Each structure stands twice: as C-alpha cells, then as structure tokens.
Amino acid sequence: MAAELINPNPILHERKLTVRTKPTQRPEDLGIGGREPIDALEIFDHIRDINDPEHPYTLEQLNVVSEEMIDVDDARGRVSVQFTPTVAHCSMATLIGLSLRVKLLRSLPPRFKVDIKLSPGSHSSEAAVNKQLSDKERVAAALENPNLLAMVNKCLGAAATAMQPAGEAATAS
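Residues numbered from 1 in each chain as written. Predicted model: local features only at pLDDT ≥ 70, side-chain atom pairs only at ≥ 80, totals over all residues. Heavy atoms only, no water.

A. The environment of Val 152, seen in detail. The residue Val 152 is located in helix 5 (residues 146-156) in this model. Along the sequence, Val 152 and Ile 96 sit 56 residues apart, while their C-alpha atoms lie 8.1 Å from each other. (Helix = DSSP H or I, 4+ residues; strand = E, 2+ residues; numbered from the N terminus.)

B. Main features of the packing of helix 1 (residues 40-47) against helix 2 (residues 93-107). Interhelical geometry of helix 1 versus helix 2 gives an angle of 115° and a closest axis separation of 10 Å. In the crossing of helix 1 with helix 2, the sense of the turn from one axis to the other is right-handed. Residues Ile 43, His 46 and Ile 47 of helix 1 touch helix 2, and the partners they reach there are Leu 100, Lys 103, Leu 104 and Ser 107. Classifying every residue of the contact of helix 1 with helix 2 by side-chain character gives four nonpolar, two polar and one charged. (Axes fitted to C-alpha atoms, helices over the stretch in contact; angles between N-to-C directions. Left-handed = near helix turned anticlockwise from the far one by under 90°. Contact = heavy atoms within 4.5 Å. Nonpolar A, V, L, I, M, F, W, Y, C, P; charged D, E, K, R; others polar.)

C. Highlighting the sheet that holds strand 2 (residues 78-83). An order of 1-2-3 is seen for the three strands of this open sheet, with the pairing classed as mixed. The sheet is open, and its two edges are formed by strand 1 (70-73) and strand 3 (113-118), each paired on a single side. Strand after strand, the sheet turns through a mean of 10° between neighbouring axes, direction not considered. Note that strand 2 and strand 3 share six bridges and pair parallel. Each bridged residue has a counterpart across the sheet, and for Val 81 the counterpart in strand 3 is Ile 116. Along the sheet face, helix 2 touches strand 2 and strand 3 and points at about 160° away from the line of strand 3. Relative to strand 3, helix 3 (residues 126-134) is tilted by about 165°, and along the sheet it contacts strand 2 and strand 3. (Pairing = 2+ DSSP bridges.)

In structure tokens:
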C-alpha cells in the first residue's frame, strides 16, 4: 500500500533564470584572504535542485526555497536559509531542513556556520522543527541513522553519497 501524500497537488513554479555576470576580478574586489566572497545566489545554486522527499520536483519548483530567503555574511562566515513547506502540517519539514543543512555543509568551506529555519508562520510545529534543525547533537545523531541518511542522500541526488561521510558533515557547523 502506497503512503498517502501530504500535499497531493502542489503548485509548481518555473525555474528561476539566474545569470551571474562575473566582471574581471581586481585584487581589491576580493574578500578577506584574497578569496571571492560567497553570496546568496551561490547558496541558492547549491540548494535549488535538492529533491523534495515526497514529490518528483525540486525545492525550487515547489517554491520551498528562494534566493530572497537566504542571508549570507561572508566576513563573519554565516549563512542563514529560511524555507517554506508547501503545507503548514508538512511531516517532511525536518527532513527537508536536514537535507538543506547537509548539502550546505558538504558544499561550503568549514569556516561557515549554517542556520536552517522554517519561514516564520509557515508550519504548525515551527518551534519544534527549528529546535531540531539548530541542535548540533540532534543533527549528528540523525545523520548516524543509516535509513535517515539514505533519505537525505536521495533528496540530494546520486552524487551526494560519494561526497562526504555523514560524521564529517555533522561536525562541520
């Protein structure tokens, strides 16, 4: 018997065209240590194609993530992502948040602290989900569960399984 979908008819959105124009870098344009700063568009490019755990669509197509909900402070090494589930009672919200966290921990330099939260007012259990997603020990324990890690890797796509062991991703924040 197939599981019943929480949101059987989600609204789909077009993939946003994002074009980054890279002017010739001058040394004075580079960030601290002579490196190119990371911005919200780069973070969005990392997370936009994460698959929804329930539907055959990406988080961008379902409007769960958007560039406007990402805040980056490159100088302080902080990234904050807010996401909006398609329904207020989404039982997959924690898995989506965990997938976002793992993708960014695997993609960003270790100097970044990553904060993942639900958009204010977007979920009936917002405080509980945010507490789980911000608790380093809970995230690490979740990623030690092979079944949960397999679900996260499925959301991230086939390339995710070869990128980095879960223990390293969990300790990076």
